[in-house]
Amino acid sequence: MARMTQEERFMREAIRLAKKAAALKEVPIGCVIVHDGKIIGRGYNRRIIDKNVLAHAEIAAIRKACRVLGDWRLEDCTMYVTLEPCPMCAGAIVQARVPKVVIACMNPKAGCAGSVLDMFHEDGFNHQVETEVGLMGEVCSQMLKDFFKELREEGKRKKKEAKDREAGRHEETGAGMSGDHDPHDPVHESGYGDKTE
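Residues numbered from 1 in each chain as written. Predicted model: local features only at pLDDT ≥ 70, side-chain atom pairs only at ≥ 80, totals over all residues. Heavy atoms only, no water.

1. Quick notes on a positive patch on the surface
- Taken together, Lys20, Arg63, Lys64 and Arg67 make up a surface patch of like positive charges.
- Looking at which element gives the most residues to the positive patch, the answer is helix H3 (residues 57-69), with three residues.
- Tracing the backbone shows Lys64 in helix H3.
- Looking at Lys64, the relative accessible area reads 39%, which means it is partly exposed. (Patch = residues over 30% accessible without salt bridge, like charges linked within 9 Å, V, L, I, M, F, W, Y side chains within 5 Å. Areas by Shrake-Rupley, 256 points an atom, 1.4 Å probe, with all protein chains shown as cover. Salt bridge = Lys/Arg side-chain N within 4 Å of Asp/Glu carboxyl O. Lys, Arg positive; Asp, Glu negative; His and termini not counted. Charge placed at Lys NZ, Arg CZ, Asp CG, Glu CD. Helix = DSSP H or I, 4+ residues; strand = E, 2+ residues; numbered from the N terminus. Buried < 20%, exposed > 50% of the residue type's maximum accessible area, 1.4 Å probe, protein only.)

2. Some points on the packing of H3 against helix H4 (residues 87-95)
- Contact geometry for H3 and H4: axes closest at 9 Å, N-to-C directions at 25°. Relative to H4, H3 is oriented roughly parallel. Read as a crossing pair, H3 and H4 show a hand that is left-handed. Touching Glu58, Ile59 and Ile62 of H3 are Met88, Cys89, Ala92 and Ile93, all from H4.
- Grouping the constituent residues of the contact of H3 with H4 by class yields six nonpolar, no polar and one charged. (Axes fitted to C-alpha atoms, helices over the stretch in contact; angles between N-to-C directions. Parallel < 35°, antiparallel > 145°, perpendicular 65-115°, else oblique. Left-handed = near helix turned anticlockwise from the far one by under 90°. Contact = heavy atoms within 4.5 Å. Nonpolar A, V, L, I, M, F, W, Y, C, P; charged D, E, K, R; others polar.)

3. Considering the packing of aromatic side chains
- Counted according to the given criterion, the structure contains two aromatic pairs.
- With centroids separated by 5.3 Å and ring planes inclined at 50°, the aromatic side chains of Phe10 and Tyr80 adopt a geometry described as tilted. Placement of the pair is Phe10 in helix H1 (residues 6-23) and Tyr80 in strand S3 (residues 77-83), with a sequence separation of 70 residues. Side by side, Phe10 and Tyr80 carry an identical accessibility label, which is buried. (Phe/Tyr/Trp six-rings, centres within 6.5 Å; stacked < 30°, edge-to-face > 60°.)

4. A look at the sheet that holds strand S5 (residues 130-133)
- Read from one edge to the other, the open sheet built from five strands follows the order S2-S1-S3-S4-S5, with strand pairing classed as mixed. Each end of this open sheet is capped by a strand with a single partner; those strands are strand S2 (38-44) and S5. Neighbour to neighbour, the strand axes of the sheet diverge by 20° on average, direction disregarded.
- In the sheet, S3 pairs with strand S4 (residues 100-105) via five bridges, with the strands oriented parallel. Bridge pairing links Leu83 to Cys105 in S4. (Pairing = 2+ DSSP bridges.)

Below, the structure written as structure tokens:
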């Protein structure tokens with residue numbers, strides 16, 4: 001078996017964090033920031049649980065790394081992230097002066113490292129970010145596919161359960177009876193169509 005590289009070890013840690021997000025029913029995205037061969041910032045998606053649009057993996061990792069270094073600049077760091085960053089996170093990465101980002105898989109719907117926009121190589125900015133794409137990409141891509149498949153199946157299950165509950169309520173209230181007759185009418189109680197005095 002081939003020995004794992006240091007880069008693979010860092011991405012594996014980002015994947016472990018992404019799985020923590022998935023366990024919370026969050027989109028499985030994980031991120032680590034490395035300085036001098038050591039992880040100084042970790043993060044995973046917590047938007048739903050924290051009820052906060054800013055609670056993305058990259059933002060959490062940047063906050064922690066800045067705290068460890070005591071600086072807002074992360075000039076000698078490398079970020080490892082399981083999915084291509086969104087506009088907010090890409091902007092924060094540029095602002096923090098992160099020199100390199102290793103991305104497992106791309107995000108064709110919202111990615112800003114080349115998919116929808118390329119904020120990392122924008123000549124108008126005073127900082128450009130080196131990118132490396134594809135490290136453990138298949139693993140991360142499959143993890144996202146599995147997550148969204150499970151989410152769709154859970155949605156279908158909930159829809160079916162709600163439909164079954166609704167059908168059960170109709171049966172309890174007598175919606176299955178024909179006509180608009182009062183069920184307590186003696187005509188119905190006798191079971192024949194004639195009232196007996």
